[in-house]
Amino acid sequence: MNKKSWAEPYKIKMVEPVFMSTRSDRERYIKKAGYNTFLLRSKEVYIDLLTDSGTSAMSDRQWAGIMLGDEAYAGSENFYNMEESIQRHYGYEYVVPTHQGRAAEHIISQILIKPGDFVPGNMYFTTTRLHQELAGGTFVDVIVDEAHDAESEFRFKGNISLTKLEDLIREKGANRIPYVCIATTVNMAGGQPISLKNLREVRELTNKYGIRIVHDMTRVAENAYMIQQHEEGYSGKSTAEIVKEICDLTDIATMSSKKDALVSIGGFLALNDQEIFEEARNLVVVYEGLHTYGGMAGRDMEALSIGIAESVEDDHIRARVGQVEYLGQRLIEAGIPIVLPIGTHGIFLDARKFLPHVPQDSFPAQALAAEIYLDSGVRAMERGIVSAGRNKETGENNYPKLELVRLTIPRRVYTQAHMDVVAESVINVYENREAIKGLNMIFEPKHLRFFQAQFEKIV
Ligand code: PM9
């Protein structure tokens, strides 16, 4: 049978109400939130596409696991189950639990980076770069040029430019590059994957210079699925096999389990080097908690060990990415400018093309996210000049080429009908885009300003 339609590989057992509001309610809410969607209360939101982080629906098996929480301070059984799940599905030998991804980034940055070092990576991520900088390092973007071009349909926009990477190593010297940071997938580029061919080439190059690879594996199963679908030679392999192959090419991993791994909270550092493991195991007790819980409750470690196994199942990942593609296709058909190809965890609106009349200094993506909320109560996230922050040396604004609004899809939470409502709202805002004038920033926090900055409307 030639199957044209597909459906989610689960049925709904429990429901949670969502809150509708009127436009005049939303006008009050967003003004009070300083036109920053991070500052809205969740009850003020109808469909929450702020993030896919910690927002997944857990399975009945995960909830059953929660009841098996062993809340011993030391040596919880759930830690060993989680460790075993990480070893089995990802292949790393040693595991240090952390309360979420940025804590793992903090620990590895403190251990490996010396002041004056350079850390190349496939585009920056906000928390990752900040921890590199706080440890005295400088992030260097060595992603392929296509990643910065919203319209390029290159399939593997997460790839590293080998020329940029080798030029940097020659210019700075391998001893000033503690590691190359590889993210699967690349969030800020639009959820774009790296190919295994490219990763293998990066491995060869880093081996030549004795440089480690640190893998930000936050969405590794989604990346593996894209390899299965689009990279030559992988259509016959399972997502689980490809995930293992990716991890095997890297030395150390930082994980925010709140994404791919289908839990509300948690993260870890995983690695194969015993000496670095001992250092990390020591540092985790300073910042997070004992090395057998690292800031997580026993029940959360149990849910994570089950979530990891579910995250690499082909049926799950096909439906997860399929839902993102469904929304993307609806927007493409309506002529809405989005980042192409459609990524894995959300649809990224191209605010430069959406609002060509709003200069980047007037925060077009921030303004667009606020307008979508005003239109329908759908909450999105800015991923443009506000997220890019300031240059750590000069204090000047960074001006990213990509000025995006991310409609991020939580895993297993919303239905196709919700996606239709979202598409209709974005289309409605697009039809009335001339009226949007942009924002002025009236409050700017020192670190990761996108979380807490406040704005007022330009009228
Ligand atoms: N990502 C996201 O919404 C959480 C809030 S924005 C900082 O996309 C990558 C690729 C991430 C990520 C978080 C982290 C940090 C590291 N790498 O949020 O600390 O997408 O668990 O992970 C968010 P934690």
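Preceding block: the structure.
Keep in mind that what you see is a predicted model, and the values were worked out from it rather than measured.

**Regarding the packing of aromatic side chains**
Stage number 1. Under the defined criterion, the tally for this structure stands at nine aromatic pairs.
Stage number 2. Relative to Tyr 293, the ring of Tyr 73 has its centre 5.1 Å away and its plane inclined at 75°; by these criteria the two rings are edge-to-face. Within this pair, whereas Tyr 73 is found in the loop between helix 2 (60-66) and helix 3 (77-90), its partner Tyr 293 is found in the loop between helix 10 (274-287) and helix 11 (298-311), the two being separated by 220 residues in sequence.
Stage number 3. With 4.6 Å between their ring centres and 15° between their planes, Tyr 94 and Phe 277 make a pair best called stacked. You can see Tyr 94 sitting in strand 2 (residues 94-98) and its partner Phe 277 sitting in helix 10, a full 183 residues away along the chain.
Stage number 4. Here the aromatic residues Phe 38, Phe 450 and Phe 451 are joined through ring pairs into a cluster of three or more.
Stage number 5. Above the face of the Phe 450 ring, Arg 383 is positioned so that its terminal group lies 4.7 Å from the ring centre.

**Considering the site of the ligand**
Stage number 1. Neighbouring the ligand are 21 residues; Thr 51, Arg 102, Ser 256, Lys 259 and Arg 406 lie closest to it.
Stage number 2. Interatomic distance of 2.7 Å between a side-chain N/O atom of Asp 216 and a nitrogen atom of the ligand.
Stage number 3. The contact in question runs from a nitrogen atom of the ligand to an N or O atom on the side chain of Lys 259, over 3.1 Å.
Stage number 4. Burial of the ligand by the surrounding chains reaches 97%, relative to a free accessible area of 530 Å².
Stage number 5. Per element, the largest residue contribution to the shell around the ligand is three residues, and it comes from helix 4 (residues 101-112).
Stage number 6. Grouping the amino acids of the shell around the ligand by side-chain chemistry returns four nonpolar, nine polar and eight charged.

**Concerning helix 4**
Stage number 1. Counted at 1.5 Å a residue, the expected span for helix 4 with its 12 residues is 16 Å, and the 17 Å between its end C-alpha atoms agrees.
Stage number 2. Looking at helix 4, one finds that the buried residues are Gly 101, Ala 103, Ala 104, Glu 105, His 106, Ile 107, Ile 108, Ser 109, Ile 111 and Leu 112.

**Topic: the sheet that holds strand 11 (residues 381-383)**
Stage number 1. Across the sheet, three strands lie side by side as 9-12-11; this open sheet has antiparallel pairing. The sheet is open, and its two borders are formed by strand 9 (346-350) and strand 11, each paired with just one other strand. Geometrically, the sheet is characterised by an average inter-axis angle of 30° between neighbouring strands, direction not taken into account.
Stage number 2. When strand 11 meets strand 12 (residues 404-408), the two strands line up antiparallel, connected through three bridges. When the bridges of strand 12 are listed, Arg 383 appears paired with Leu 404.

**A closer look at the nonpolar core**
Stage number 1. One finds Tyr 90, Met 217 and Phe 268 to be the most contacted residues of the largest nonpolar core, which totals 53 residues.
Stage number 2. If one sorts the elements of this core by residue count, helix 8 (residues 220-230) sits on top with six residues.
Stage number 3. Sequence-distant contacts of Tyr 90, defined by excluding residues within four places in its chain, comprise Ser 85, Met 217, Val 220, Val 243, Lys 244, Cys 247, Met 255, Phe 268, Ile 308 and Ser 311.
Stage number 4. With 50 residues, the next largest nonpolar core counts Ala 33, Leu 40, Leu 368 and Ala 370 among its residues.

**A look at helix 3**
Residues spaced three or four apart along an α-helix point in a common direction, a consequence of the helix completing one turn every 3.6 residues.
Stage number 1. With 14 residues, helix 3 ought to run about 20 Å at 1.5 Å a step, and its terminal C-alpha atoms sit 20 Å apart, in line with that.
Stage number 2. Along its buried surface, helix 3 packs onto strand 2, helix 8, helix 9 (239-248), strand 7 (252-256), strand 8 (267-271) and helix 11.
Stage number 3. The N-terminus of helix 3 is capped by Ser 76, whose side-chain oxygen sits 3.1 Å from the backbone nitrogen of Asn 78.
Stage number 4. Looking one or two places after helix 3, you find Gly 91, whose phi comes out positive at around 90°.

Procedures and definitions
- Residues numbered from 1 in each chain as written.
- Predicted model: local features only at pLDDT ≥ 70, side-chain atom pairs only at ≥ 80, totals over all residues.
- Heavy atoms only, no water.
- Phe/Tyr/Trp six-rings, centres within 6.5 Å; stacked < 30°, edge-to-face > 60°.
- Helix = DSSP H or I, 4+ residues; strand = E, 2+ residues; numbered from the N terminus.
- Lys NZ or Arg CZ within 6 Å of the ring centre and 35° of its normal.
- Near = heavy atom within 4 Å.
- Polar contact = N/O pair within 3.5 Å; in protein donor to acceptor, adjacent residues only side chain to side chain.
- Areas by Shrake-Rupley, 256 points an atom, 1.4 Å probe, with all protein chains shown as cover.
- Nonpolar A, V, L, I, M, F, W, Y, C, P; charged D, E, K, R; others polar.
- Expected span 1.5 Å × (residues − 1).
- Buried < 20%, exposed > 50% of the residue type's maximum accessible area, 1.4 Å probe, protein only.
- Pairing = 2+ DSSP bridges.
- Axes fitted to C-alpha atoms, helices over the stretch in contact; angles between N-to-C directions.
- Core = buried A, V, L, I, M, F, W, Y, C linked by side-chain atoms within 4.5 Å.
- Contact = heavy atoms within 4.5 Å.

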